[in-house]
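Notes for the structure review
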Amino acid sequence: MITSYISHSDCGNHFMGPTHPESPLRLQAIQRQLALSGVIQHVQQYDARPATLEQLARVHPMRHLQALDKCPPQAGQLLTLSEDTVMCADSLVAARLAAGAVVRGVDQVMRNQADNVFCAVRPPGHHAERADAMGFCFYNNVAVGALHARQQYGVRRIAILDFDVHQGNGTVDIFKHDPDTLVCSSFQNAMYPWRYLESRWEHIHNTPLAEGCGSLDFRHAIEAQWLKKLDDFKPELILISAGFDAHREDPMAELCLEDDDYYWITRLAMDVARRHCQGRVVSVLEGGYCLEALARSTEAHVKALAGLPMEDGISLRHSPPAKHASPKVHARPDERDHPLF
């Protein structure tokens, strides 16, 4: 089993302010955890390469890309694009590297240079719609990788699995009229982004989870709602939007997943990939804002990709009580008294 780990130090230069949860510390926490645990020794490490304009333009209209290119402020300044998305001078450099990491990951699995890939990059991407940067996201990284696979390698049937606590509205927006792309998304019900929460398309499958949902309910929902769809679809490539903010310790929501749930769902995706697409899986980091939980959950995810063992503690514990989210982050827009930042 060859697992590729793609990242870049310049992803740490993207900065949205000292109190913003999408912080450069996220990648530092992941890299420190993988080094301390020794997992990093079991993967092949590569630097991301920036996505080209052509690769980005397969997903986002040129006028939108040109408008973003005109936005970056001078060094030391910040520009607010939306209530929760802020740009610094280095943001688009990091965003191009994040999208380009997925492109390189697709190249590696399609050329049999790796069995699977994890892209440890930021900013995240699954909230970026075709012509709208939002939700901490500038370019839709997983969509850039998917359309690269289709254009460069003729991959037709692509499955995108998204287990972030927030629904990947950008991915739905981009692929809602493309039945050759199956999107399976689990998320906490009735919260951000409040769009595309109900699907009108057979190939867009939402799995909303109730507040307080723990390991057993999560696993039952995924098995019941994703497996048959994936096996019937027979994907030629699986891409993962790997958000770790459904963890019980994460402050951004009220789901109660544990570290080993991320190991479990990664193994499930790998089993589907072995049945249908020679094990080809490319995963890209999305959310996860409690640094300790993010680091451990990512370790579990990469362990599963690399074929390393992890004891499943689900039978040894009880689901913890529901968390209480900050109303500034998760209140509906019409209920907010003031902006997030």
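Described in the following lines is the structure provided in the data block. (Residues numbered from 1 in each chain as written. Predicted model: local features only at pLDDT ≥ 70, side-chain atom pairs only at ≥ 80, totals over all residues. Heavy atoms only, no water.)

Moving on to the overall build of the protein chain. Of the regular secondary structure elements, the protein chain holds 10 helices and 10 strands. In terms of overall size, the protein chain behaves like a compact globule, its C-alpha atoms giving a radius of gyration of 18 Å where 341 residues would be expected to give roughly 20 Å. The principal-axis extents of the C-alpha atoms in the protein chain amount to approximately 50 × 45 × 45 Å. For the protein chain, the residues scored as buried account for 61% of the 341 residues in total. Contacts in the protein chain between residues far apart in sequence, at least 24 positions, make up 77% of those at least 6 positions apart. As presented, the protein chain carries roughly 13,700 Å² of accessible surface, and 48% of it is formed by carbon and sulfur atoms. (Helix = DSSP H or I, 4+ residues; strand = E, 2+ residues; numbered from the N terminus. Rg over C-alpha atoms; globule rule 2.2 N^0.38 Å. Buried < 20%, exposed > 50% of the residue type's maximum accessible area, 1.4 Å probe, protein only. Contact = heavy atoms within 4.5 Å. Areas by Shrake-Rupley, 256 points an atom, 1.4 Å probe, with all protein chains shown as cover.)

So, about unusual backbone geometry. Between Arg122 and Pro123 the backbone carries a cis peptide bond, its omega angle lying at 5°. Its location among the elements puts Pro123 in the loop between β5 (116-119) and α5 (141-153). Omega for the peptide link from Tyr192 to Pro193 comes to 15°, which places this bond in the cis form. Mapped onto the secondary structure, Pro193 falls in the loop between β7 (181-188) and β8 (204-209).

Here helix α7 (residues 215-233) spans 26 Å end to end across 19 residues, near enough to the 27 Å set by a 1.5 Å rise per residue. The axis of α7 is deflected most strongly, by about 35°, at Trp226. Among the residues of α7, those classed as buried are Ser215, Phe218, Arg219, Ala221, Ile222, Trp226, Leu230 and Phe233. On the buried face of α7, the contacting elements are β6 (158-162), β7, β8 and α8 (259-276). A positive phi of about 55° marks Lys234, the residue just after α7. (Expected span 1.5 Å × (residues − 1). Bend = angle between axes of the 7 residues up to and from the residue.)

On to the packing of aromatic side chains, then. Taken as a whole and assessed by the stated rule, the structure comprises 8 aromatic pairs. Plain terms: the ring middles of Tyr192 and Trp194 are 5.5 Å apart, the flat faces sit at 75° to each other, and that makes the pair edge-to-face. Here Phe244 and Tyr262 contribute two aromatic rings whose centre-to-centre distance is 4.9 Å and whose plane-to-plane angle is 75°, an arrangement assigned as edge-to-face. Taken as a pair, Phe244 in the loop between β9 (237-242) and α8 and Tyr262 in helix α8 lie far apart in primary sequence, 18 residues in all. The two residues Phe244 and Tyr262 agree in class, both being buried. Pairwise contacts between aromatic rings join Phe163, Phe244 and Tyr262 into one cluster. (Phe/Tyr/Trp six-rings, centres within 6.5 Å; stacked < 30°, edge-to-face > 60°.)

What follows deals with the packing of α8 against helix α9 (residues 291-306). The axes of two packed helices give the description: the angle between them and the distance between them. At a closest axis distance of 8 Å, the pairing of α8 and α9 adopts a crossing angle of 30°. In terms of axis orientation, α8 runs roughly parallel to α9. The handedness of the crossing between α8 and α9 comes out as right-handed. Contact with α8, carried on its side by Asp259, Tyr262, Tyr263, Thr266, Arg267 and Met270, involves Arg296, Ser297, Ala300, His301, Lys303, Ala304 and Leu305 of α9 and no other residues of that element. (Axes fitted to C-alpha atoms, helices over the stretch in contact; angles between N-to-C directions. Parallel < 35°, antiparallel > 145°, perpendicular 65-115°, else oblique. Left-handed = near helix turned anticlockwise from the far one by under 90°.)

What follows deals with the side chain of Asn206. Note that Asn206 resides in strand β8. From its side chain, Asn206 meets the backbone oxygen of Tyr196 in a polar contact 3.1 Å long. A distance of 3.0 Å separates a polar side-chain atom of Asn206 from the backbone oxygen of Leu197. The contacts of Asn206, once residues within four sequence positions are left out, are Gln167, Ser185, Phe187, Tyr196, Leu197, Glu198, Ser199 and Gln225. (Polar contact = N/O pair within 3.5 Å; in protein donor to acceptor, adjacent residues only side chain to side chain.)

This next bit is on the nonpolar core. The biggest cluster of nonpolar side chains holds 98 residues, and the ones touching the most others in it are Cys119, Ile238 and Leu239. Here this core gets 11 residues from one element, more than from any other, and that element is helix α4 (residues 91-110). Each residue touching Leu239, except ones within four places of it in the same chain, is listed here: Val106, Val142, Gly145, Ala146, Ile158, Ala159, Ile160, Leu161 and Val282. (Core = buried A, V, L, I, M, F, W, Y, C linked by side-chain atoms within 4.5 Å.)

For helix α1 (residues 25-37), built from 13 residues, the straight-helix expectation of 18 Å at 1.5 Å per residue is met to within 8% by its first-to-last C-alpha distance of 18 Å. Taken as a whole, α1 has its buried residues at Arg26, Leu27, Ala29, Ile30 and Leu34. Each buried residue of α1 sits inside an arc of 160° when the element is viewed along its axis, so together they form one side. Structurally, α1 contributes buried residues whose contacts are with β1 (3-7), β10 (281-285) and α9. Note on α1: the residue one or two positions beyond its end, Gly38, has a positive phi of about 85°. (Arc of directions from axis to C-beta.)

Below, the discussion takes up the pattern of salt bridges. Applying the stated rule across the entire model yields 19 salt bridges. Close ionic contact of Arg248 with Glu249 constitutes a salt bridge, the shortest N to O distance being 3.6 Å. Overall, Arg248 belongs to the partly exposed group, its relative accessible area being 32%. We classify Glu249 as partly exposed; its relative accessible area is 29%. Arg248 serves as the salt-bridge partner of Glu258, at 2.9 Å between the closest nitrogen and oxygen. Here Arg248 lies in the loop between β9 and α8 and Glu258 lies in the loop between β9 and α8, a separation of 10 residues in the sequence. Here the salt bridges do not stand alone but share partners, grouping Arg248, Glu249, Glu258, Asp259 and Arg296 into one network. (Salt bridge = Lys/Arg side-chain N within 4 Å of Asp/Glu carboxyl O.)

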